[in-house]
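Each chain, written out:
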Amino acid sequence: MVKKSLGRQKVEMMKMGKDSNLQVTFSKRRTGLFKKASELCTLCGAEIAIVVFSPGKKVFYLGHPELGKVINRYLSRSLIGTLQLI
């Protein structure tokens, strides 16, 4: 059997040079990240907050059940943990 293509190639992890390629890659990976986070919430009942700043300085976020509630919960636990160490 003859292989017709090289298949999936490993992508070197480094910042892209072209702004147009950077924006397209960001959009695709952001969508994939949010999809995986949603699946984690659905399958495991996890509470998730994700905030992402794009190369174009736009803000994208995902929160389940709500972004504000999850962040407030995290901040209050961080403060409590810090206070307990003192």
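In what follows, the accompanying structure is described. Everything numeric here is computed off the predicted structure, so don't read it as measured data.

Overview of the overall build of the protein chain
Item 1. Of regular secondary structure, the protein chain possesses 2 helices and 2 strands.
Item 2. Helices (α) and strands (β) of the protein chain occur, in sequence order from the N terminus, as α-β-β-α.
Item 3. Buried positions account for 15% of the 86 residues belonging to the protein chain.
Item 4. Contacts in the protein chain between residues at least 24 apart in sequence constitute 27% of all its contacts with a sequence separation of at least 6.
Item 5. Carbon together with sulfur atoms contributes 61% to the accessible area of the protein chain, which is approximately 7900 Å² in total.

Notes on the pairing of strand β1 (residues 48-53)
Item 1. Here β1 shows one buried face, formed by Ile-48, Ile-50 and Val-52, and one open face, formed by Ala-49, Val-51 and Phe-53.
Item 2. Joining the antiparallel neighbours β1 and strand β2 (residues 59-64) is a turn of 5 residues, in which Lys-57 adopts a positive phi near 70 degrees.

Some points on the nonpolar core
Item 1. Membership of the largest hydrophobic core is limited to 8 residues, which are Phe-26, Phe-34, Ala-37, Cys-41, Ile-48, Ile-50, Val-52 and Leu-62.
Item 2. When residues of this core are traced back to their parent elements, those giving at least two are α1 (19-44) and β1.
Item 3. When residues in this core are grouped by element, the largest group, 4 residues, is from α1.
Item 4. In this structure, Ile-48 is in contact with Ala-37, Leu-40, Cys-41, Leu-62, Gly-63, His-64 and Val-70, ignoring residues within four places of it in sequence.

Section: the pattern of salt bridges
Item 1. For the coordinates displayed, the defined rule picks out 3 salt bridges.
Item 2. Between Glu-66 and Lys-69 there is a salt bridge, and its shortest N-O distance comes to 3.9 Å.
Item 3. According to the relative accessible area criterion, Glu-66 is partly exposed, its value standing at 44%.
Item 4. You can call Lys-69 exposed: its relative accessible area is 54%.

Conventions used here
- Residues numbered from 1 in each chain as written.
- Predicted model: local features only at pLDDT ≥ 70, side-chain atom pairs only at ≥ 80, totals over all residues.
- Heavy atoms only, no water.
- Helix = DSSP H or I, 4+ residues; strand = E, 2+ residues; numbered from the N terminus.
- Buried < 20%, exposed > 50% of the residue type's maximum accessible area, 1.4 Å probe, protein only.
- Contact = heavy atoms within 4.5 Å.
- Areas by Shrake-Rupley, 256 points an atom, 1.4 Å probe, with all protein chains shown as cover.
- Pairing = 2+ DSSP bridges.
- Core = buried A, V, L, I, M, F, W, Y, C linked by side-chain atoms within 4.5 Å.
- Salt bridge = Lys/Arg side-chain N within 4 Å of Asp/Glu carboxyl O.

These figures come from the coordinates and say nothing about function on their own.
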